[in-house]
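Summary of structural features
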Amino acid sequence: MRTPRNETLTDVSSRPDPSSKEEDPTRKCILSREHDSRAQLIRLALAPDGRVLPDVRAKAPGRGAWIGVDRAGLIASYAKGRLRGALARAFKTGEFALGDDLPALIAAALERNALDRLGLEARGGMLLTGFDRIETAARSGQLHALYHAADSGLDGRNKLAQAWRVGSDREGSALKGLALPVERPILSLALGRENVVHIGLTDRLAAKRVSDALGRWLHFIGPEPQPGSPQDQLREPTAPCETASQGASAHRPDELRAGASPAATVHEEFE
């Protein structure tokens with residue numbers, strides 16, 4: 001089940017961000033040639049052994065290459081050496097190792113980055129878990145973002161969505177939370193709490209930070225490939241999720257906030 005592109009998840013974009021003093025620097029995707037902010041692109045860098053690896057936190061030294069395409073687009077770019085040629089131009093060298101597992105490495109890195117962000121907000125006291133606590137915050141107008149484990153119940157999601165709409169004076173709107181493509185054990189481990197089923201954020205800026213991290217991940221993993229397609233054959237194995245929402249068709253980072261539409265690094269040598 002996919003979440004519609006126009007689903008609203010948070011209510012942070014309609015208000016100015018007082019902590020933002022200047023626009024995020026833009027970079028050009030080496031494949032689409034389109035410009036976007038660094039926060040919405042993915043940096044690739046050369047490891048000391050010459051492998052091309054994801055640098056999702058953009059901290060690796062040396063030349064980098066930026067991509068904004070989703071996983072399907074990246075896989076398609078392997079054809080006829082288009083990705084290799086674009087990387088060679090960006091790195092100013094053809095001496096590098098480009099593995100077929102790069103799309104899977106990027107997806108894993110973005111997932112870990114998003115889960116790390118949730119963990120940081122939990123430790124900073126910006127995040128609520130537990131149905132009753134989230135419902136109370138929602139009804140009192142304190143909720144800015146709402147997420148659910150993939151294996152959470154539809155009834156619980158609907159009740160929290162209704163509480164959020166009531167508390168924010170948006171009854172009758174499409175405002176609701178997002179079922180993430182990870183289940184309870186993974187969310188519980190990421191947050192350091194037991195049995196995490198629902199997640200609520202009560203700080204507007206924290207909600208934006210989480211939205212950005214989730215949005216970049218969900219955009220990249222894209223719609224689930226059709227069985228037998230080249231994308232299906234190359235993607236990393238995943239457990240089926242009854243209600244996981246995982247697509248570029250689901251979200252871009254700027255679509256994870258109200259007013260728009262609604263969302264770790266594998267190789268630590270880049271950290």
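Above this text sits the structure in question.
The following paragraphs examine the structure supplied in this document.

Here is what the cut-offs are and how they apply
- Per-chain numbering applies: the sequence of each chain, read as written, is numbered from 1 onward.
- Whole-chain, interface and lining totals are the exception, using all residues; otherwise, since this is a predicted model, local features are given only for residues with pLDDT of at least 70 and side-chain atom pairs are given and counted only at 80 or more.
- Heavy atoms throughout the structure, all of them, feed into the side-chain values; hydrogens and water do not.
- We call two strands paired when DSSP finds no fewer than two bridges between them.
- The helix count covers DSSP runs of H or I at least four residues long, the strand count covers runs of E at least two residues long, and both are numbered beginning at the N terminus.
- Note on definitions: angles span 0 to 180 degrees between N-to-C directions of axes, and those axes are lines fitted to C-alpha atoms, for helices only across the stretch in contact.
- Each residue is placed in one exposure class: buried if its accessible area under a 1.4 Å probe, protein chains only, is under 20% of its type's maximum, exposed if it is over 50%, and partly exposed if it falls in between.

**Quick word on the sheet that holds strand β5 (residues 64–67)**
Strands sit in the order β4-β3-β5 across an open sheet of three strands; the sheet is antiparallel. Only two strands of the sheet have a single neighbouring strand rather than two, namely β4 (52–54) and β5. Adjacent strand axes in the sheet meet at a mean angle of 35°, parallel and antiparallel pairs treated alike. Sheet analysis places strand β3 (residues 42–46) next to β5, joined by four bridges and oriented antiparallel.

**Topic: the pairing of strand β9 (residues 198–201)**
Alternating residues of β9 divide into His 198 and Gly 200 and Ile 199 and Leu 201, and every residue in both groups is buried. In terms of strand pairing, strand β6 (residues 127–129) meets β9 through three bridges, oriented antiparallel. Across the sheet, the residue bridging to Leu 127 is Leu 201, located in β9. Pairing between strand β7 (residues 145–148) and β9: four bridges, direction antiparallel. What sits directly across from Ala 145, in β9, is Leu 201.

**Let's talk about the pairing of β3**
Extensive coverage of β3 is indicated by the burial of four of its five residues. Once β3 ends, the chain turns through five residues before running back antiparallel as β4, passing Gly 50 with a positive phi of about 90°.

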